[in-house]
Protein chains: 2
Amino acid sequence: MLTIGELSARSGVAPSALRYYERLGLIQSRRTSGNQRRYEQATLRRVAFIRIAAQVGLSLEEIRDALRSLPDARTPTRADWERLSRRWRSRLDNQIALLQRLRDDLTSCIGCGCLSLKTCRLSNPGDRLAAEGPGPRRLLSAARR
Amino acid sequence: MLTIGELSARSGVAPSALRYYERLGLIQSRRTSGNQRRYEQATLRRVAFIRIAAQVGLSLEEIRDALRSLPDARTPTRADWERLSRRWRSRLDNQIALLQRLRDDLTSCIGCGCLSLKTCRLSNPGDRLAAEGPGPRRLLSAARR
DNA sequence: CTGCAACCTGAAGTTCGGTTGATGTCAAGC
DNA sequence: GCTTGACATCAACCGAACTTCAGGTTGCAG
C-alpha cells in the first residue's frame, strides 16, 4: 500500500495529477480510516501505462475506456477485450506509421542539406504527401478518432 | 494560389485553425487587394507537416521553430539545421520506441486473453516496466523535453 | 449592379490536462 | 500529547489549441 506521496515519487506524477486521474476514473484507491488514499503496488504500473499512452496522443478518456476492461473489471468478456485491443492496436500502428513517415522525411531532408530546395521533400509540393487526390486528409483522418 | 476555404478543404484543417497558425507564425499568406488570404500550393504540404508533428506530441511553438529554418529562411545555416533535425530525430525515435512498447504490451495482453491476471504483463506488477529501481520515471523522462 | 456566400478582424468562449490556493484534518516522531 | 509535514476537499486558475460570435467587407454568378 502506497500513500499518494509515495506513488507520486515513484511514478514521477504529481499528487494533483493522481487525484485528477482518480476523479476521471483512471485509477482507484482505498481510504484509511482518516480518509487518506492508499494505493496498491499495481497502481504504479497502471500509472506508467497511462503516462505512456497519454504521451503518444491518446486522450485520458480513451485511456480510461481502455483500462476499464482491464484488471478489476468483473467480467472482462474476452470478445470485448479483443475488440478494444484491436482498436487500440490499429490506432497505435497508425501513430507509429505517422511518426516513421515524419522521421523519414526529416532524414531525407538532412540528406539534401535543405540547401537545395528543389530536391527537398519537405519544401517540394510535388512529393507523395502533397495533394494526392483531395488532399492529405486521408492520411490524417486515419489516426485521430 | 488557394483561398483559405480551399486550403481548409484540401488539408482538412478548419479555416479558424489556419488563421490561428498564421498568427503563431507557422504559415504565411499573401493578401488580395481586398485583404483576403491567398496561399501557395506549398502551404498544403506545410500544413500536413504541422498536423502530423502536432499529432505526435510536438507543440505548435516547437513546430514553428523547426519550420522557421526551412523554406524561405534566408540563411538556413546547415549546421543549425542539422542540430535541429538531430533533436527532432531523437525525439521521434523516442516516441516511436514508446509506441512500439505500448503496442507490444497490448499484443502480449491479447495473447494472454487478460483472463489470467497472473501472467498478464499489463496487470502484473513484476514485469520489466514496473518499479525497476526507483520507478518508471527513467522510462518516461527520456521522451518528453 | 445586386445579392449572397465566403472572407475579414478582434474578443470572448471552450476543452483538455492539469496546478494552485484556501482551509481544514491526519498521523508519526519527539 | 503536541507539533509539523503530509494529506483531504473544493473552487479557481492556467496554457495550449482552437472555435464561436459579432459586426463588417469582398468577390463572383447571374
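Coordinates for the structure precede this section.
Note that the structure is predicted; figures quoted are calculated from it, not measured.

Novice: What should I look at first to understand the nonpolar core in this one?
Specialist: Taken as a class, soluble globular proteins show a tendency for nonpolar side chains to be buried jointly. Residues Ala53, Leu99 and Leu102 of chain A together with Ala53, Leu99 and Leu102 of chain B are the most contacted members of the largest nonpolar core, which totals 50 residues. The set of elements that each furnish at least two residues to this core consists of helix H2 (15-24), helix H3 (42-55), helix H4 (60-68) and helix H5 (78-112) of chain A together with helix H2 (15-24), helix H3 (42-55), helix H4 (60-68) and helix H5 (78-112) of chain B.

Novice: Can you help me understand the protein's contact with DNA strand D in this one?
Specialist: Near DNA strand D you find 21 residues, and of these Thr3, Gly5 and Arg37 of chain A together with Ser16 and Gly34 of chain B are the closest. At the level of secondary structure, the elements contributing two or more residues to the surface near DNA strand D comprise helix H1 (4-11) and H2 of chain A together with H2 and H4 of chain B. Looking at the surface near DNA strand D residue by residue, the class counts come to 7 nonpolar, 11 polar and 3 charged.

Novice: Whenever I open this one, the packing of H3 of chain A against H4 of chain A confuses me. Can you help?
Specialist: The description of two packed helices rests on the angle between their axes and on the distance between the axes. Residues and elements named next belong to chain A. Direction vectors running N to C along H3 and H4 enclose 135°, while the axes themselves pass 10 Å from each other. Between H3 and H4, the angle is such that the two are oblique. Once H3 is placed against H4, the crossing between them reads as right-handed. In contact with Arg46, Ile50, Ala53 and Ala54 of H3, H4 contributes Leu60, Ile63 and Leu67. Looking at the contact of H3 with H4, its residues break down into 6 nonpolar, no polar and 1 charged.

Novice: Whenever I open this one, the protein's contact with DNA strand C confuses me. Can you help?
Specialist: Taken together, 21 residues lie near DNA strand C, and Ser16, Ala17 and Gly34 of chain A together with Gly5 and Arg37 of chain B sit nearest. Looking at side-chain class alone, the surface near DNA strand C contains 7 nonpolar, 11 polar and 3 charged residues.

The rules we used
For every chain, the first residue of the written sequence is number 1, and numbering continues from 1 onward in sequence order. All chains are assigned letters beginning with A, and all ligands numbers beginning with 1, in the order in which they are written. Predicted model: local features are reported for residues with pLDDT of at least 70 only, side-chain atom pairs are reported and counted for 80 or more only, and whole-chain, interface and lining totals are derived from all residues. Any nonpolar core is a set of buried residues, restricted to Ala, Val, Leu, Ile, Met, Phe, Trp, Tyr and Cys, that join up through C-beta atoms within 7 Å. Buried, partly exposed and exposed are defined by the number of other C-beta atoms within 10 Å of a residue's own C-beta, namely 20 or more, between the two limits, and 12 or fewer respectively, with C-beta atoms placed from the backbone. Secondary structure counts use DSSP, requiring at least four H or I residues in a row for a helix and at least two E residues in a row for a strand, with both numbered from the N terminus. Using a C-beta atom placed from the backbone, a residue is described as near a molecule or strand when that atom lies within 6 Å of it. Residues are grouped as follows: nonpolar covers Ala, Val, Leu, Ile, Met, Phe, Trp, Tyr, Cys and Pro; charged covers Asp, Glu, Lys and Arg; every other residue, Gly included, is treated as polar. Axis geometry follows a simple rule: fit a line to the C-alpha atoms, using only the stretch in contact for helices, then measure angles between N-to-C directions, giving values from 0 to 180 degrees. By definition in this entry, angles of less than 35 degrees are roughly parallel, angles greater than 145 are roughly antiparallel, angles of 65 to 115 are roughly perpendicular, and the rest are oblique. In this scheme the crossing of two helices becomes right-handed for a clockwise turn of the near helix relative to the far one and left-handed for an anticlockwise turn of less than a right angle. A pair of residues counts as a contact when their C-beta atoms, built from backbone coordinates, are separated by no more than 7 Å.

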